[in-house]
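Analysis of the macromolecular model
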Number of protein chains: 2
Amino acid sequence: MSAVTPEPPARSPLTVSDVSEDDLLALIFPLLPAGADTVLGPGDDAAIVRAPDGRVVVSTDVLVEDRHFRRDWSSGEDVGWRAAVQNLADIAAMGARPTSVVVTLVAPGDLPVEWVTGFARGLAAACGPAGVGVVGGDLSGGDRVVVTVAVHGDLGGRAPVLRSGARAGDVVAHAGVRGRSAAGLALLLAGHADAAPELVRAYLRPDPPLAAGPAAALAGATAMLDVSDGLLRDAGRIARASGVVLDLDAVATALPDDLAAVGAAAALLGASAAEWVLTGGEDHGLLATFPAGADLPAPFRRIGRARTVGPDARGGVLVDGEPPAVGTTGWDHFAR
Amino acid sequence: MSAVTPEPPARSPLTVSDVSEDDLLALIFPLLPAGADTVLGPGDDAAIVRAPDGRVVVSTDVLVEDRHFRRDWSSGEDVGWRAAVQNLADIAAMGARPTSVVVTLVAPGDLPVEWVTGFARGLAAACGPAGVGVVGGDLSGGDRVVVTVAVHGDLGGRAPVLRSGARAGDVVAHAGVRGRSAAGLALLLAGHADAAPELVRAYLRPDPPLAAGPAAALAGATAMLDVSDGLLRDAGRIARASGVVLDLDAVATALPDDLAAVGAAAALLGASAAEWVLTGGEDHGLLATFPAGADLPAPFRRIGRARTVGPDARGGVLVDGEPPAVGTTGWDHFAR
């Protein structure tokens, strides 16, 4: 373009209220992955997905603007990615393989169309490589963005890995990262996003090790869950459901990489790196227990041991043999 | 109580912000039906539902306060019922049997807890008798009530009944009611709810003939859908998907009971009963086509015939051989 060509006048971005629902759907549909197990995709009253196991694993989550994300921090693509992966992680945590999702989006009229297509690209980025189809959905207007994903998975003939199967003597293991999402959120809140973009990204785009879920099941995992509310809190859920104590190794021993990764940010903000690692949520790692001597599938690493509950103790979590020395954030010792 | 016992002071109803999420869940869970096909219900990362067919039929819908319902008209129980049945109808419209739903609820802090437990009772009333389990969900705060349901169904080894299978010569048939929900809504809007409570109830609590979906499949239905946007508009969807014209009989012949049921309300409001029957949405009846000579399963009744598209015509809908003589409400002739 010549230097003397006048710039076109700046235009407001096209918003949802400028286009019909059909036009919006026509923009979205081509962006969505079909999925390896999809028999019938969007367009009829319902979609059809293969469930070769004869059982289907199902879960759902809702994300509400200004509760679960801020639009000035998270792009549409970030929200689509996060809504998808936190659901996919729930399927992986059962030892299953996700096959498909259905999605609803409530969109204010002033939401840019580009946000919505970005949202679709984020869903696709999370689902496509995993072979997961985005097979249906629903759109509505509303005051704020609300996103739901419902996810379906297949157990491949395996027994599900529940929260209740941990036994005294089991090894406690973790796959994925810890504390990085919490560190990224703290940086955003403090206006220091530029100090550690990789931590901010860990908050905006958590990347759970989905394939580790079925791998853990094959390796004999006795209990497993998706760590969405923090390591201590979610470990407590396995402990109580299983009637054992999970005695985690000291953080510096168990999770040295995570501790190192958030160390500088913790120093910058005057926060505790260990507390982020122990209590930070939304990393969506997998916490599992395995029989002693089991070969842990990658990327699981041992972080502790399950023990019997003492005569005066209730089910719970210890760190290095002691009650966790952390503040209350994310740590609700015996809450259900 | 003795007449002299002082009345306790009037108290505001307990609201969602007064209780913890765990307490709210503890109130809801006992109200929800387990479902005949549920292998694992709520409480772990995901639920597990039988999918004996080896395929699972999935769909989802979102309902937003002040867009899809008003809380001064619809109780929590009404909203729970409606959210469930409109999803169950989507499964029935594929010729499948619904097995389970997962549900999300966004609740403002000032929402009465009684509304939420009513919502759960409404879900249960819709799902329980059909053997459908409410197997999982998610709660969040938010400014307005937003409800999503994702539904799963089983085809029982049958081929799905799509929108695209109608053939010239097929009989067009309908099961359920028509126009009554639109009439009920019009009465509410006009402040005449007391004039016909049964029509208001048809709006608040649509009652689709779920068992007719699989029955239609067994009887050889060639196309089917859930009529959510009005008979003409949804008939147009079958017509275009199938490449035929659906020529409906005159309303007085095809749907005399519906015409009679809304007649007085139409007279009261100066509205057209026939137009309500032809264009009113949200009754969630089933519209299907069957090969000529097929025995129509109850409660389907014949309402027209599928014809070839003429040389200059596009796929569409006729009433008594002519383009429908109705206003534009709900009737978008060739919209996708």
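All values reported here derive from a predicted model rather than from experimental measurement. (Residues numbered from 1 in each chain as written. Chains lettered and ligands numbered in written order. Predicted model: local features only at pLDDT ≥ 70, side-chain atom pairs only at ≥ 80, totals over all residues. Heavy atoms only, no water.)

**Some words on the overall build of chain A**
Applicable threshold: Numbering goes from the N terminus for both helices and strands, where a helix is a DSSP run of H or I of at least four residues and a strand is a run of E of at least two. In this description the radius of gyration comes from C-alpha coordinates, and the expected globular size is given by 2.2 Å times residues to the power 0.38. When accessible area is computed with a 1.4 Å probe and restricted to protein chains, residues below 20% of their type maximum are described as buried, those above 50% as exposed, and intermediate ones as partly exposed. In what follows, a contact means two residues having at least one pair of non-hydrogen atoms within 4.5 Å. Counting rule for charge: Lys and Arg are taken as positive, Asp and Glu as negative, and neither His nor the chain ends is counted. By convention, charge coordinates are those of NZ in Lys, CZ in Arg, CG in Asp, or CD in Glu.
Along its length, chain A carries 10 helices and 12 strands. Here the C-alpha atoms of chain A give a radius of gyration of 22 Å, agreeing with the 20 Å that 2.2 N^0.38 yields for 336 residues. Judged by the C-alpha coordinates and their principal axes, chain A covers about 75 × 50 × 35 Å. Counting every position in chain A, which comprises 336 residues, the buried fraction comes to 55%. Look at the contacts in chain A between residues 6 or more apart in sequence, and 84% of them connect residues 24 or more apart. In chain A, 26 positive and 40 negative side-chain charges are present, and the distance between their average locations comes to 6 Å.

**Overview of the relation of the copies chain B and chain A**
Going by this rule: C-alpha atoms of residues with pLDDT of at least 70 in both copies form the basis for the least-squares superposition of the copies.
Once chain B is rotated about the relating axis by 180° and shifted along it by 0.0 Å, it coincides with chain A to within an RMSD of 0.0 Å. Accordingly, the operation relating the two chain copies is best matched by a two-fold axis. Minimal C-alpha separation from the rotation axis in chain B is found for B:Gly54, amounting to 2.5 Å. The share of interface residues of chain B whose copies in chain A are also at the interface is 100%, consistent with both copies meeting through the same surface.

**Description of the pattern of salt bridges**
Residues and elements named next belong to chain A. We count it as follows: Definition used for salt bridges: Asp or Glu carboxyl oxygen within 4 Å of a side-chain nitrogen of Lys or Arg.
The final tally for this structure, using the stated rule, is 40 salt bridges over all chains. Here Glu282 ties to Arg82 by a salt bridge, and the two come within 3.2 Å at their closest N and O atoms. Remark: Arg82 occurs in helix H2 (residues 76-92) and Glu282 occurs in the loop between helix H10 (273-279) and strand S10 (285-290); sequence separation between them is 200 residues. Glu282 gets classed as partly exposed once you look at its relative accessible area, which sits at 27%. The exposure class assigned to Arg82 is buried, which follows from its relative accessible area of 4%. Note that Arg121 and Glu114 form a salt bridge whose closest N and O atoms lie 2.9 Å from each other. Owing to a relative accessible area of 31%, Arg121 belongs among the partly exposed residues under this scheme. Salt bridges linked by common partners bring Glu77, Asp78, Glu114, Arg121 and Arg205 together as one network.

**Quick word on the nonpolar core**
Buried together is how nonpolar side chains tend to be arranged in soluble globular proteins. To keep things clear, this is the line we draw: Only buried Ala, Val, Leu, Ile, Met, Phe, Trp, Tyr and Cys residues count toward a nonpolar core, and they belong to the same one when joined by side-chain atoms within 4.5 Å. Residue ranges assigned to the domains are those given by an automatic or database domain assignment.
Counting 56 residues, the largest nonpolar core has B:Val101, B:Leu105 and B:Phe300 as its most contacted members. Counting contributing residues per domain, this core is built from domain 1 (16-154) and domain 2 (171-319) of chain B, each supplying no fewer than three. Among residues more than four places away in sequence, those in contact with B:Phe300 are B:Ala173, B:His174, B:Ala175, B:Ala212, B:Ala216, B:Met224, B:Leu286, B:Ala288 and B:Phe290. In terms of nonpolar packing, the next biggest core, distinct from the first, is built from 55 residues, A:Ala84, A:Val145, A:Ala216 and A:Ala221 among them.

**With respect to the UniProt feature "binding site: Mg(2+) 1" (unreviewed entry) in chain A**
Quick reminder of the rule: UniProt positions are given in the numbering used here, feature names are shortened, and annotations may be inferred rather than shown by experiment. Throughout this description, a polar contact denotes any pair of N or O atoms lying within 3.5 Å of each other; where both atoms belong to protein, one of them has to be capable of donating a hydrogen while the other can accept it, and for residues adjacent in sequence the pair is counted only when both atoms sit in side chains.
The feature "binding site: Mg(2+) 1" (unreviewed entry), as annotated in UniProt, sits at A:Thr60, A:Asp61 and A:Asp138 in this numbering. Here A:Asp61 shows up in strand S3 (residues 55-64). When its relative accessible area of 15% is taken as the criterion, A:Asp61 is described as buried. Sequence-distant contacts of A:Asp61, defined by excluding residues within four places in its chain, comprise A:Gln86, A:Asn87, A:Asp90, A:Val147, A:Thr148, A:Val149, B:Thr104 and B:Asp138. Among the polar contacts listed, one links the side chain of A:Asp61 to the side chain of A:Gln86, at a separation of 3.4 Å. Following the sequence through the fold, A:Asp138 ends up in strand S5 (residues 133-141). Ignoring sequence-local partners within four residues, the contact set of A:Asp138 consists of A:Val103, A:Thr104, A:Leu105, B:Thr60, B:Asp61 and B:Val62.

**Here we look at the packing of helix H4 (residues 180-190) of chain A against helix H9 (residues 256-269) of chain A**
All names here are of chain A. Here is the rule: Axes here refer to lines fitted to C-alpha atoms; in helices the fit is confined to the stretch in contact. Angles between the N-to-C directions go from 0 to 180 degrees. By definition in this entry, angles of less than 35 degrees are roughly parallel, angles greater than 145 are roughly antiparallel, angles of 65 to 115 are roughly perpendicular, and the rest are oblique. By definition, turning the near helix anticlockwise from the far helix through less than a right angle yields a left-handed crossing, and turning it clockwise yields a right-handed one. Three categories are distinguished: nonpolar for Ala, Val, Leu, Ile, Met, Phe, Trp, Tyr, Cys and Pro, charged for Asp, Glu, Lys and Arg, and polar for the others, with Gly belonging to the last.
Interaxial distance between H4 and H9 falls to 10 Å at its minimum, and their mutual angle equals 15°. Classed by the angle they form, the pair H4 and H9 counts as roughly parallel. Considering the relative orientation of H4 and H9, their crossing is left-handed. In this structure, H4 contributes Arg180, Ala183, Ala186, Leu187 and Ala190 to the contact, and H9 contributes Asp257, Asp258, Ala261, Val262, Ala265, Leu268 and Leu269. A per-class count over the contact of H4 with H9 returns nine nonpolar, no polar and three charged.

**Describing the environment of A:Arg121**
All names here are of chain A. With respect to the element layout, Arg121 can be found in helix H3 (residues 113-127). Excluding anything up to four places from it in sequence, Arg121 contacts Leu31, Glu77 and Glu114. Of the polar contacts made by the side chain of Arg121, one reaches the side chain of Glu114; its length is 2.9 Å.

**Things to note about the packing of aromatic side chains**
To describe a pair of aromatic rings, one takes the distance between the centres and the angle between the planes. Spelled out, the test is: Stacked, tilted and edge-to-face pairs are distinguished by plane angle, under 30 degrees for stacked and over 60 for edge-to-face with tilted covering the rest, among Phe, Tyr and Trp rings (Trp via its six-membered ring) whose centres lie within 6.5 Å. Look at NZ for Lys and CZ for Arg. If either is within 6 Å of the ring centre and within 35 degrees of the ring normal, a charge sits over the ring.
For the structure shown, the criterion picks out four aromatic pairs over all chains. On the basis of an interplanar angle of 10° and a centroid distance of 5.9 Å, the ring pair of A:Trp115 and A:Phe119 is categorised as stacked. Here A:Trp115 pairs with A:Phe119, and both are found in helix H3, just four residues apart, close to one helical turn. For the pair A:Trp115 and A:Phe119, a shared accessibility class is recorded, and that class is buried. The interplanar angle of 75° and the centroid separation of 5.3 Å between the aromatic rings of B:Phe290 and B:Phe300 together place this pair among those described as edge-to-face. Here B:Phe290 is found in strand S10 (residues 285-290), whereas its partner B:Phe300 is found in the loop between S10 and strand S11 (301-307), with 10 residues between them in sequence. The exposure class assigned to B:Phe290 is buried, which follows from its relative accessible area of 0%. A cation over a ring is seen here: A:Arg70 above A:Trp73, with NZ or CZ 3.8 Å from the ring centre. Seen from the ring of B:Tyr203, B:Arg82 lies directly overhead, with NZ or CZ sitting 5.0 Å from the centre.

**Side note on the interface of chain B and chain A**
Quick note on the threshold: A quick way to say it: buried area is the sum, across both parts, of accessible area lost when two parts are put together, with a 1.4 Å probe.
Facing the 57 residues of chain B at the interface are 57 residues of chain A. A combined buried area of about 4,200 Å² lies between chain B and chain A, and 57% of that area is made up of carbon and sulfur atoms. Across the chain B-chain A interface, the total number found is 19 residue pairs in polar contact (both at pLDDT 80 or more). Looking at the side of chain B that touches chain A, the element that brings in the most residues is strand S3 (residues 55-64) of chain B, giving nine residues.

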